[in-house]
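Listed below, chain by chain, are the residues.
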Amino acid sequence: MKRLALVAAAVTGLAGCGTDSIQPLEPRLEAPALKATVSGVQHFQSFFAATALCGDPIGDIHFFGTIEGVDHTTVDGNGEVHRTRQFRVKGLEGLNLKDGTEYRVIGG
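Rules of the game
- Residues numbered from 1 in each chain as written.
- Predicted model: local features only at pLDDT ≥ 70, side-chain atom pairs only at ≥ 80, totals over all residues.
- Heavy atoms only, no water.
- Helix = DSSP H or I, 4+ residues; strand = E, 2+ residues; numbered from the N terminus.
- Buried < 20%, exposed > 50% of the residue type's maximum accessible area, 1.4 Å probe, protein only.
- Contact = heavy atoms within 4.5 Å.
- Areas by Shrake-Rupley, 256 points an atom, 1.4 Å probe, with all protein chains shown as cover.
- Polar contact = N/O pair within 3.5 Å; in protein donor to acceptor, adjacent residues only side chain to side chain.
- Pairing = 2+ DSSP bridges.
- Salt bridge = Lys/Arg side-chain N within 4 Å of Asp/Glu carboxyl O.

A. Up close: the overall build of the chain. Helices and strands together make up the secondary structure of the chain, namely one helix and four strands. Secondary structure elements of the chain occur, N-terminal to C-terminal, as α-β-β-β-β. Within the chain, buried positions represent 12% of all 108 residues. Contacts in the chain between residues far apart in sequence, at least 24 positions, make up 47% of those at least 6 positions apart. Counting only carbon and sulfur atoms, one obtains 60% of the accessible surface of the chain, whose full area is about 9100 Å².

B. Highlighting the environment of E68. For E68, the position within the fold is in strand β2 (residues 61-75). In the structure, E68 is positioned 21 residues away from V89 in sequence and 6.2 Å away in space, judged by C-alpha atoms. Those residues in contact with E68, other than ones at most four positions away along the chain, are F44, Q45, Q86, F87, R88 and K90. A distance of 3.2 Å separates the side chain of E68 from the side chain of Q45, its partner in a polar contact.

C. Structural view of unusual backbone geometry. That bond from D56 to P57 is cis: its omega, 0°, falls within 30 degrees of zero. Locating P57 in the fold gives a position in the loop between β1 (38-52) and β2.

D. Local environment of the pairing of strand β3 (residues 81-96). With 14 bridges joining them, β2 and β3 adopt antiparallel strand pairing. From the neighbouring strand, I67 faces β3, where its bridge partner is V89. Counting the residues that bridge the hairpin from β2 to β3 gives five residues, and of these G79 lies at a positive phi of roughly 85°. One ladder, built from three bridges, connects β3 with strand β4 (residues 102-104); its direction is antiparallel.

E. Representation of the environment of K98 in the model. Summarising the element assignment, K98 is placed in the loop between β3 and β4. Residues K98 and D60, spaced 38 residues apart in sequence, show a C-alpha to C-alpha distance of 6.5 Å. Discounting chain neighbours no more than four positions away, the residues touching K98 are D56, P57, I58, G59 and D60. Within the local environment of K98, its side chain forms a polar contact with the backbone oxygen of P57, the two atoms lying 3.3 Å apart.

F. Inspection of the pattern of salt bridges at higher detail. Summed over all chains, the structure comprises five salt bridges. Here D56 makes a salt bridge to K98, at a shortest N to O gap of 3.2 Å. On the criterion of sequence distance, the pair formed by D56 in the loop between β1 and β2 and K98 in the loop between β3 and β4 is long-range, its members being 42 residues apart. Each member of the pair, D56 as well as K98, is classed as exposed. The closest approach of N and O atoms between D71 and R83, which form a salt bridge, is 2.7 Å. Placement of the pair is D71 in strand β2 and R83 in strand β3, with a sequence separation of twelve residues. According to the relative accessible area criterion, D71 is buried, its value standing at 5%.

So, in structure tokens, the structure goes:
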């Protein structure tokens, strides 16, 4: 008897779920107005050191030197922060910890 009552309640509830009651959202034709943006650029240099764990037969290589960077930050009219960073190596060198081979990194 309880099952019959639950099935009847479910069928009655589904009967009111016709597509006639669904209303689509109104399309938004205009874009939100943006306020003025604030932007900033910062140049920086930083010491860099890392070890590439290459293992045998190459050996681990320790890199060290200077990284130059440019950090550009913009806050748009909606308060969202957009950030880009670019890095370039300057005087980056490497040393093979297994056999003492020295490297000079070019590029970047």
